[in-house]
Every structure is written in C-alpha cells, then in structure tokens.
Amino acid sequence: MHGLVFDLLPTEAGDHRFLKTGTTTVGMVVRDAVIFATDTRVTSGFFVAHRKGKKVHPLSSHAAITIAGRVADAQTLIELLRANINLYQVSRGLKMPIPTIARLASSFMFNSRFFPYYAQLIIGGVDSEGPHLYNLDPFGSITEEYLIATGSGSPVAYGVLESEYKTDLPFEDAVKLSFRAVAASIKRDAGSGDSIDVAYVRKDSGYGELSVDEKAPLYNLYLKYIPT
Amino acid sequence: MIEASGDMALGMTGAYDRAITVFSPQGRLYQVEYALETVRSGSTALSLITDSGVVLAVEERMHTKLQSPDFSWKIFQIDDHIGAATAGLNSDARVLVDNARIYSQTLRLSYDEEPSVEAIARRVGDIMQLYTQHAGVRPFGTALLVGGVDRTGPRLFYAEPSGLVLEYNAWAIGRGAEKVREIFENEYSRSVSLDDGVKLALKSLVASVDKIEEGWTVRLVTIPVATRKYTMVEARALQPLLEGLLKEKKQ
C-alpha cells in the first residue's frame, strides 16, 4: 500500500500506531572499523517483493548507511547525502566527517518531519577522529551508539548482540557476531529473511563488502544453508 | 543649458560603455570587451590534453612573504574528474566554480552518471552570457579553462566573459597567453605521455614570464585517464623540473 517497503505491517493495513519496519539491520563499532549486516527481504504488505534487496550502501569511501522502512524514501535520501558529501569534498578538499554526515541526514529528515522520509537509518564510518555510528529515526532524532539493531528483527538481533558484544572485539569476530545476529532474526522474524549482506568501513581500506565466497562458511555455520 | 559639443561627445563615445545591455552603433558591447581586457591582463593560466590525461597549470604570485604558500587561489576542483584554471578576477571565478560544483553534483543526482566536461563548461558559459544581457549586473572579469576526463576521454574547454565556449587541445589565458600559445603551436602533440605534457606546460609557463620574481609559484594539476581523478601535484614534486627551467631562464 506504500509501494515497495522494507516493512511488514502485522496490524490492520494503514494502522500507523506502530511504526514497524520489517527488516533487520545491525551496526557495530569495533577498533578502527564499523561493521554493518542486514537481511535482504523486501516486502509489499505480506508479499515478498524482492529477495535480494540491498539495504547497506556506501555513502563514500569512508562511510556507509543501512536502511529500513520505505525503499523510495531511503534511496532518495542516500542520493541526496552522496551529492552533499561529494560537494563538501571537492569544495574543501576534505572528507566529510561522520558526525557531519549524520547531522546532515538528521537535518533533511527533521526539515520534512510533517511529510517524513519513512526510514530508519544507521549511518557509520571512520574519519580522522576514528569510527562513529549513529542511529536516526524518520523525524531526524539522532543518537551515537556502539551497537545498533533496527527493524522488526531488532529484538532478536539485540539478544544475540548484547550477549557477546565488546568494543575491543577483533574485526573477524565482530563480522561473525553481526552475521549471527541477523541470522537469528531471519529465523524468528517474519519480516526479515532470504539472505544476509555484510559491509564494513575500516580505517585503512575504507568501505568493503563480504563476497559470496566469504559469506559461504558463515551461512553454513549460522543458517545451515546457503541462500540462492 | 546643455552645450551641444559636450552632448555630442557623450553621444559619440561615452554612453555605450555605461550599460552592457546596450549595443554601440557598431554592434559592440563595450563592457564585455573591457571584461576580456581584465582576463588579458590577469596572471597566466594554461591547460593541455594528451591521450593519457589533462594538465592544468597556473602561475600564482605571492605579494609578500607573509602569505601562506600552501593556499592556491587560481586552480579549482569541480568534481572527481574535472578541474578549472582561471585568469582575471579571482573572486568572480570563485562564483562560477561554486556554481559549477553544485551543477555537477546536481547532474549526478538527476541522472546517476558522471557529468561530462562539456556540460560543465557550457553551464559556466551560460552563466557568463546571462551577465552580458541582464540589467544591473556587470560581466564576469574572468575566463575559465575547464579540463577533465569523462567517458569520451580527456577534454578541454575555454569559457570567456562573453559566454563563448570553445574546445581546445591546448590553450592559455592571461598576460602570458600569447607566448604560451606560440610554444604550443610549435611543440604540442597530443600523442605524448602525461609526464611530457607536464613538462611542456611548465616550460611554456616559465617562458611566458618576463622576469621571475620572489614569490612566483606554479600550481599544477593532472587528471590522468588511468584514474580519472583530479590530482594536485605537490610543490616538492615540481621542484626538480622547475629548477632546471628557471636556471636556463636566468642564463
């Protein structure tokens, strides 16, 4: 009823008393890196509209964003952010700091709070100050966190994440933990499913994503199957 | 009482260079021609393309030792793959460059593609043209060399205060332009390496200066086809090439 959404409304259609985004996205800060993991299910009501939807995107070489909510709104926001990040970089010869990116996104969302971008975002990356991670809601509220899960699968994901997360987790262990949290929510949340994307921003190498081959052992370990 | 002779003098010459929206009886826009004169007397900027990339180079004169040597004001990045060099009023150039930067990102936002160098150069020309026709404004006292590498390869455009936009393989503007163009006419070849392009750019720039004074500096940018990235060449890297040229010039 609102086009393609990373969203599942278990209540009566049109009932927005509960703003539930049917997705699982995870973000975490570790030493010199930020890690993101998401499921890839895209729904339209109770219909699975896409099984390989991209919910984690690079904003630049040093920043990334995960999205939950209305796909069109989120994609538009991403393009708007990219344009501004590029403009900042060519005008000043500096990479836009992560807090600045988060503030910019927050401003866009707050300015249209009466006609909101229906999206829940995790923005993170590494700048000269180190790694940063922010949680943003559709009206522009902003909080800095070490660990975030959003979407309908977030309670399940938090259960997994908070039992094992430490700020000094080695990078590989943190990737595994993020993957496992999304795998857990895929199993128990109807709004999340299909497959898992993992992306990261590291201090030295910048933005990257786990390849199909790199994910295969993780699928075998935590889902017991490899999604097609 | 108005004297006939005084009135005539004003009518014959003075009146047609007060407002740029007014043609002279000979069909000229004097204010635009004066703006071109500002460019002609500005410090030199040049650019050339080779098959392997674009070179943009300018001379910048520090007027006092108190000025920071790290700050460049005649050469600009417009997008990842596009740069601009100016001669004339720097403040006017900054306005055009700001506009070009925003336009470039707007094109990316609208079309999800890398903007072409031509699109950016034409946009700059369009803005310059507006300022030759509207009332209450003056033309831009600057010309821009807009160079970059897009999907069609390395491209170089020249935009001047009249709004004219032309494409070149190699071109120069500012007070040393004549001399640089003369050297380009004789020595330019498109099928050389980027390094050789840089050497020709530096050689021409040094040759165009009457006397090298204290505080005279060169800024040079390359945009290689291989990377398509605007790359400011550091002063340290230019020094060995420049030293030889400057020594030759002194002799």
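Remember, predicted model here, so these are calculated numbers, not experimental data. (Residues numbered from 1 in each chain as written. Chains lettered and ligands numbered in written order. Predicted model: local features only at pLDDT ≥ 70, side-chain atom pairs only at ≥ 80, totals over all residues. Heavy atoms only, no water.)

## So, the overall build of chain B
- The secondary structure content of chain B amounts to seven helices and 10 strands.
- For 251 residues, the compact-globule estimate of 2.2 N^0.38 gives 18 Å, and chain B sits close to it at 20 Å.
- Per-residue burial for chain B yields a buried fraction of 46% across its 251 residues.
- Considering only intrachain contacts with a sequence separation of at least 6, the fraction spanning at least 24 residues in chain B is 66%.
- Here chain B displays about 13000 Å² of accessible surface, and carbon together with sulfur accounts for 52% of that area.
- Put simply, chain B has 28 plus and 33 minus side-chain charges, and the middle of one group is 3 Å from the middle of the other. (Helix = DSSP H or I, 4+ residues; strand = E, 2+ residues; numbered from the N terminus. Rg over C-alpha atoms; globule rule 2.2 N^0.38 Å. Buried < 20%, exposed > 50% of the residue type's maximum accessible area, 1.4 Å probe, protein only. Contact = heavy atoms within 4.5 Å. Areas by Shrake-Rupley, 256 points an atom, 1.4 Å probe, with all protein chains shown as cover. Lys, Arg positive; Asp, Glu negative; His and termini not counted. Charge placed at Lys NZ, Arg CZ, Asp CG, Glu CD.)

## Considering the side chain of Thr44(B)
Residue and element names in this part refer to chain B.
- Structurally, the position occupied by threonine 44 is in the loop between helix H2 (30-40) and strand E1 (45-50).
- For threonine 44, a relative accessible area of 1% translates into the label buried.
- For threonine 44, the residues in contact, after removing those within four places along its chain, are Val58, Glu59, Lys74, Ile173, Gly174, Arg175, Gly176, Ala177, Val180, Leu205 and Ser208.

## Some words on the packing of aromatic side chains
- Scanning the entire structure with this criterion turns up eight aromatic pairs over all chains.
- Ring geometry for Phe179(A) and Tyr219(A): centres 5.1 Å apart, planes at 75 degrees, overall edge-to-face. Highlighted residues: Phe179(A) in helix H4 (residues 171-188) and Tyr219(A) in helix H5 (residues 212-222), separated in sequence by 40 residues. Assigned by exposure class, Phe179(A) and Tyr219(A) land together as buried.
- On the numbers, 6.1 Å between centres and 75 degrees between planes, the contact of Tyr158(B) with Tyr168(B) is edge-to-face. Separated by 10 residues along the polypeptide, Tyr158(B) in strand E6 (residues 153-159) and Tyr168(B) in the loop between strand E7 (165-167) and strand E8 (170-173) bring together distant segments of the chain.
- Put simply, the rings of Phe179(A), Tyr219(A) and Tyr222(A) pair up and form one aromatic cluster.
- The ring of Phe171(A) has Arg202(A) sitting right over it, with the charged end atom 3.6 Å from the ring centre.
- We note Arg181(B) situated over the ring of Trp171(B); from NZ or CZ to the ring centre the distance is 3.9 Å. (Phe/Tyr/Trp six-rings, centres within 6.5 Å; stacked < 30°, edge-to-face > 60°. Lys NZ or Arg CZ within 6 Å of the ring centre and 35° of its normal.)

## Points about helix H7 (residues 235-250) of chain B
Residues and elements named next belong to chain B.
- Along its length, H7 reaches its greatest deviation from straightness, about 35 degrees, at leucine 241.
- Residues Leu238, Leu242 and Leu245 constitute the buried set of H7.
- In this structure, the buried residues of H7 make contact with helix H6 (194-207), strand E9 (216-224) and strand E10 (231-233). (Bend = angle between axes of the 7 residues up to and from the residue.)

## Overview of the confidence of the model for chain B
All names here are of chain B.
- For chain B, the average pLDDT comes to 93, and 94% of its residues sit at 70 or higher.
- Low pLDDT, under 50, characterises residues 1-10; the predicted model gives this stretch three contacts beyond four residues in sequence or across chains.
- For this predicted complex, the interface score ipTM comes out at 0.77, alongside a pTM of 0.85. (pLDDT = per-residue confidence, 0-100.)

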